[in-house]
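Residue-level structure breakdown
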Amino acid sequence: MELVHIPMILSLAAAVSVCDGAAGAATGIPGGGDVGFIRASCSFTLYPRVCERCLARYASAVKGSHCHLAGAAVNETLRVARSASTLVGRYAVRSPAAGAISDCLETVGESVDLLRQSAEELRQMGRPGTPNYAWRLSNLQTWVSAALTNEITCLDGVTRARVDPVVKATICGRIIGLKQMTSNALAFINHLAAGP
Ligand SMILES: *[C@@H]1O[C@H](CO)[C@@H](O)[C@H](O)[C@H]1NC(C)=O
C-alpha cells in the first residue's frame, strides 16, 4: 500500500474516533431541539459527522446560540489538540531521529496555544456591536486558520517522512481528526463573522 494514501484511508477512522467519550451523546437526545440546532449547523461544515459526534453533548449548553456553538467547537478542538500533542510528544521521544515528528510536535504545540488564545477570546467576546467584538472576531479567524495551517503542515511532513508505517498511521489519524475539528470550528467562526 502506498503510504501516501494512509491519511485518506484514515480519514473515516478519524471521524469515528476523534471524540472518544462523546460516543453516547450523539445518539441520545439529551437536549431535544437543541441537538437539532447542532445537527443543522454541523450540516454546513466540511466534516458534519465529526462535528455532530463531538458537539452533540454540548447541545444544552449551546442552546441555539451561534456564538456558544463556536465556543463549544473551539473548546472541544482545544481538548483534542492537547491530547494529539501528548500523543505526538510520546513518539517524538521514542524516535528522536525522525525530524518530521519533532517538527509536528512543534506545530501542533503552536496549534494548542492558538486554540487556547481563541477560547479565551471567545469568552471575552460580548455581543455583536459591543466594543472590540469585530476585532476579537477577526483575531479568532486569524488564529484558528493558523492552527489549521499548522496541522496541515504536520500532516504533510509526517506523511512524507520515513518513519514506521504504524507510527505514521497513528499520528496522521489523530491529526486528521484534529484538522477536521479545527476546520469545523473555523466554519462556525466565519459564520459569526458573516453576521446574522
Ligand atoms: C468553553 O470553556 C470555558 C472554560 O474552559 C467555559 O467557560 C465555556 O462556557 C465553554 N464554552 C462552551 C460553549 O461550552
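Notes on the structure follow. Just so it is clear, the structure is predicted and the values come from calculations on it, not from any experiment.

What counts, and where the lines are drawn
- Residues numbered from 1 in each chain as written.
- Predicted model: local features only at pLDDT ≥ 70, side-chain atom pairs only at ≥ 80, totals over all residues.
- Heavy atoms only, no water.
- Helix = DSSP H or I, 4+ residues; strand = E, 2+ residues; numbered from the N terminus.
- Expected span 1.5 Å × (residues − 1).
- Polar contact = N/O pair within 3.5 Å; in protein donor to acceptor, adjacent residues only side chain to side chain.
- Near = heavy atom within 4 Å.
- Areas by Shrake-Rupley, 256 points an atom, 1.4 Å probe, with all protein chains shown as cover.
- Buried < 20%, exposed > 50% of the residue type's maximum accessible area, 1.4 Å probe, protein only.
- Disulfide = S-S within 2.5 Å.
- Core = buried A, V, L, I, M, F, W, Y, C linked by side-chain atoms within 4.5 Å.
- Contact = heavy atoms within 4.5 Å.
- Axes fitted to C-alpha atoms, helices over the stretch in contact; angles between N-to-C directions.
- Parallel < 35°, antiparallel > 145°, perpendicular 65-115°, else oblique.
- Left-handed = near helix turned anticlockwise from the far one by under 90°.
- Nonpolar A, V, L, I, M, F, W, Y, C, P; charged D, E, K, R; others polar.

Description of helix α6 (residues 66-94)
Between its first and last C-alpha, α6 extends 42 Å over 29 residues, near the 42 Å set by a 1.5 Å rise per residue. Where α6 starts, the residue carrying a side-chain oxygen 3.2 Å from the main-chain nitrogen of Cys-67 turns out to be Ser-65.

Let's talk about helix α9 (residues 165-193)
Under the 1.5 Å per step criterion, the end-to-end length of α9 is 41 Å for 29 residues, consistent within 8% with the ideal 42 Å. For α9, the N-terminal capping position is held by Asp-164, with its side-chain oxygen 2.9 Å away from the main-chain nitrogen of Val-166. Once α9 finishes, Gly-195 follows within two positions and takes phi at roughly 85 degrees, a positive value.

A closer look at the site of the ligand
The environment of the ligand is formed by His-68, Gly-71, Ala-72, Asn-75 and Arg-123. Side-chain polar atom of Asn-75 to an oxygen atom of the ligand: 2.3 Å apart, as the coordinates give it. Protein burial of the ligand: of its 360 Å² of free accessible surface, 50% is covered by the chains. By residue number, the principal contributor to the shell around the ligand is α6, which donates four residues.

Side note on the side chain of Thr-159
Within the element layout of this structure, Thr-159 appears in helix α8 (residues 133-160). Take Thr-159: its relative accessible area is 14%, and that puts it in the buried class. Among the polar contacts made by the side chain of Thr-159, one reaches the main-chain carbonyl oxygen of Leu-155 at a distance of 2.5 Å.

Topic: the state of the cysteines
Counted according to the given criterion, the structure contains two disulfides. Shown here is the disulfide that connects Cys-42 with Cys-51, its sulfur atoms set 2.0 Å apart. What sets the handedness of the Cys-42 and Cys-51 disulfide is the S-S torsion sign, and at about -70 degrees it is left-handed. Of the two residues, Cys-42 and Cys-51, neither departs from the other in class, the shared state being buried. Cysteine Cys-172 shares no disulfide, and the gap to the nearest cysteine sulfur, in Cys-154, comes to 6.9 Å.

Quick notes on the nonpolar core
Core analysis: the biggest nonpolar cluster contains 60 residues, and Leu-55, Ile-101, Cys-104, Ile-171, Ile-175 and Phe-188 have the highest contact counts within it. Those elements giving two or more residues to this core turn out to be α3 (33-42), α4 (48-55), α5 (59-62), α6, α7 (99-123), α8 and α9. Sorting elements by how many residues they give to this core places α6 first, with 13 residues. Apart from residues lying up to four places away in sequence, Ile-171 is in contact with Leu-87, Val-88, Tyr-91, Ile-101, Cys-104 and Val-158.

A look at the packing of α6 against α7
Think of two packed helices as two axes; the pair is described by the angle between the axes and how far apart they sit. The interhelical angle for the contact between α6 and α7, taken along N-to-C directions, is 155 degrees, at an axis separation of 9 Å. On the basis of their axis angle, the class for α6 and α7 is roughly antiparallel. Crossing of α6 against α7: the hand is left-handed. Across the contact of α6 with α7, the residue classes tally to 16 nonpolar, seven polar and two charged.

A short note on the side chain of Ser-41
With respect to the helices, strands and loops of the structure, Ser-41 is situated in helix α3. With relative accessibility at 10%, the residue Ser-41 sits in the buried group. Those residues in contact with Ser-41 that sit more than four places away from it in its chain are His-66, Leu-69 and Phe-188.

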